[in-house]
Amino acid sequence: GIDHIPVHHTNEIAQSEAASGKQFANYWTHNNHLKVNGTKISKSLENGYTLDQLQEEGYDPLDLRLFILQSHYRTESNFTFENLTAARNRRLNWLNVAALRHQTHDTLETDSVAETDSKTVSLYATQQALVEALSNDIDTPAALALIDEAFDTVVAHPLDDLHEHAFVSLLATIDQLLGLKLLDLSPDINDDQKRLIIERVRAREQKDFSRSDELRDELLKTGILVRDTSKGPIWEY
């Protein structure tokens, strides 16, 4: 923490280098403070929260991870439940984007073709851009902005234009760099749910909208929401 710079870490350098005659460390990384509702976290104020408490309020530890990543480690950050909720909504939206990989098919023949295809090059480029952002003083806010931009591009285009390998590769890179488990936490739906979606498509084709609504409600009971698009239905958690 930055509060250790003027005394504690300065003393560590003095003691260690005097004893060893060698440089103690080449690089120091100091993070700024995390406040709660604009106030310093203090035992006397009892204004801190544990992960167990956040889980009791319905939050996942990964929501807190994403919240922390949204601020640069050198900048002061402020915890509020409003900010944590925003991070949770962002993460859940990313999981729905990740689930699109189950609703498309890999159509390009080789990876070498994929790397130069106009539909996929931006996704491959994003992977390198993420590494560059984090290599620049661990700039996590810039990395998250790159992910938002890439996912906005994915959502804005028809699924037929999405190259599955490029997309899965990007998700794997995000998980490797940031530990958000987008691949693990966005499983495919089961066969029964897929059957209900197909039945609903047929009901809509026959203009049986009453049956279509019934099937939509059945899917909702299983935790799946269906959105109708010009290219067909898209399901979300």
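Numbering of residues begins from 1 in every chain and follows the order in which that chain's sequence is written. Where local features are concerned, this predicted model is filtered to residues with pLDDT of at least 70; where side-chain atom pairs are given and counted, the filter is 80 or more; whole-chain, interface and lining totals use all residues. No hydrogens and no water enter the side-chain calculation; it runs on all heavy atoms of the structure.

Engineer: Explain helix 9 (residues 191–205) here, please?
Structural biologist: Every α-helical turn comprises 3.6 residues, leaving residues that sit three or four positions apart pointing alike. Helix and strand definitions follow DSSP, with helices as H or I runs of at least four residues and strands as E runs of at least two, each counted in order from the N terminus. Working rule for helices: expected span equals 1.5 Å times residues minus one. An ideal rise of 1.5 Å per residue puts 21 Å on 15 residues; helix 9 measures up with 21 Å between its terminal C-alpha atoms. The rule is simple: take the accessible area with a 1.4 Å probe, protein chains only, and divide by the maximum for that residue type; under 20% is buried, over 50% is exposed, in between is partly exposed. Listed as buried for helix 9 are Gln193, Leu196, Ile197, Arg200 and Ala203. Angular distribution of buried residues about the axis of helix 9 spans 120°; they occupy a single face of the element. Facing away from the buried side of helix 9 by more than 90 degrees, the exposed set consists of Asp191, Arg202 and Glu205. Here a residue-residue contact requires only that any non-hydrogen atoms of the pair lie within 4.5 Å. Against helix 10 (209–221), strand 4 (225–229) and strand 5 (232–236) lie the buried residues of helix 9. Capping of helix 9 at its N-terminal end is provided by Asn190; its side-chain oxygen lies 3.1 Å from the backbone amide nitrogen of Asp192. Of the residues flanking the end of helix 9, it is Lys207, one or two places downstream, whose phi is positive at about 60°. Within this analysis, the arc is defined by the directions that extend from the helix axis to the C-beta atoms. Residues adjacent in sequence count toward polar contacts only when both atoms are side-chain atoms; beyond that, a polar contact is any pair of N or O atoms within 3.5 Å, and within protein one must be able to donate a hydrogen and the other to accept it.

Engineer: What should I look at first to understand the pairing of strand 5 in this one?
Structural biologist: Remember that side chains alternate between the two faces of the sheet whenever the strand is regular. Here a strand pair is declared whenever DSSP counts at least two bridges between the two strands. Bridge count between strand 4 and strand 5: five bridges; the pairing is antiparallel. Among the inter-strand pairings, Leu225 is bridged to a residue of strand 5, identified as Glu236.

Engineer: What is the right way to look at the environment of Glu57 in this model?
Structural biologist: Here Glu57 shows up in the loop between helix 2 (51–56) and helix 3 (61–69). On a C-alpha basis, the gap between Glu57 and Ala99 in space is 26 Å, while along the polypeptide they are 42 residues apart.

Engineer: What is the right way to read the pattern of salt bridges from this model?
Structural biologist: Opposite charge on two side chains permits pairing when their charged atoms draw close. The working definition used for a salt bridge is a side-chain nitrogen of Lys or Arg within 4 Å of a carboxyl oxygen of Asp or Glu. For the structure on display, the rule yields 14 salt bridges. Between Glu76 and Lys35 there is a salt bridge, with its nearest N and O atoms 3.6 Å apart. A residue pair is termed long-range when its members are at least 10 positions apart, and Glu76 in the loop between helix 3 and strand 3 (77–79) and Lys35 in strand 1 (residues 34–36) qualify at 41 residues. Classification of Glu76 by relative accessible area gives partly exposed; the value is 46%. On the basis of relative accessible area, Lys35 is assigned to the partly exposed category, the value being 24%.

Engineer: What's the story with the packing of aromatic side chains in this structure? I'm lost.
Structural biologist: The geometry of an aromatic ring pair is captured by the separation of the ring centres together with the interplanar angle, meaning the angle of the planes. Between 30 and 60 degrees the pair is tilted, below 30 it is stacked and above 60 it is edge-to-face, where a pair is any two Phe, Tyr or Trp rings, Trp via its six-membered ring, whose centres lie within 6.5 Å. Within this structure, the stated rule accounts for nine aromatic pairs. The interplanar angle of 75° and the centroid separation of 6.3 Å between the aromatic rings of Phe151 and Phe167 together place this pair among those described as edge-to-face. Of the two residues, Phe151 sits in helix 7 (residues 140–156) while Phe167 sits in helix 8 (residues 164–178), which places them 16 residues apart along the sequence. Accessibility classification places Phe151 together with Phe167 in one group, the buried group.

Engineer: Mind showing me how you'd approach the layout of surface pockets here?
Structural biologist: Gaps between atoms show up when a probe of the same size as a water molecule is rolled over them. Here the largest pocket defines a volume of roughly 720 Å³. When contributions to the lining of the largest pocket are tallied by element, the ones reaching two or more residues are helix 4 (81–98), helix 7, helix 9, strand 4 and strand 5. Considering each element in turn, the lining of the largest pocket owes the most residues, five residues, to strand 5. Following the grouping adopted for this structure description, the nonpolar residues are Ala, Val, Leu, Ile, Met, Phe, Trp, Tyr, Cys and Pro, the charged ones are Asp, Glu, Lys and Arg, and the polar ones are all others, Gly among them. Split by residue class, the lining of the largest pocket holds 15 nonpolar, eleven polar and six charged. Of the volumes computed, that of the second largest pocket is approximately 240 Å³. Here a cavity denotes a set of grid points, spaced 1 Å apart and computed over the protein atoms alone, in which a 1.4 Å probe fits but from which it cannot get out, and a pocket denotes an open set meeting protein on both sides within 12 Å along at least five of seven lines; residues with an atom within 4 Å of a point are reported as lining. Around the second largest pocket sit 15 residues that line it, and Ile68, Leu69, Ser71, His72 and Tyr73 are the ones nearest its centre. Here the element with the most residues in the lining of the second largest pocket is helix 3; it accounts for four residues. Grid points are joined across faces, edges and corners, and a volume is the space filled by probe spheres set on the points.

Engineer: Would you take a moment to explain unusual backbone geometry for this structure?
Structural biologist: If a residue is not glycine, its phi is most likely negative; likewise, a peptide bond is most likely trans. With a phi close to 50°, Ile138 is a non-glycine residue in the positive phi region. Turning to its location among the elements, Ile138 is positioned in the loop between helix 6 (121–135) and helix 7. By relative accessible area, Ile138 is classed as partly exposed at 42%.

Engineer: Would you mind going over the side chain of Thr104 with me for this structure?
Structural biologist: Its place among the elements puts Thr104 in the loop between helix 4 and helix 5 (111–116). At 3.0 Å, the side chain of Thr104 and the backbone oxygen of Leu159 are in polar contact. At a separation of 3.3 Å, a polar atom in the side chain of Thr104 contacts the main-chain carbonyl oxygen of Leu162. Beyond its immediate sequence surroundings of up to four residues, Thr104 is in contact with Leu159, Leu162 and Glu164.

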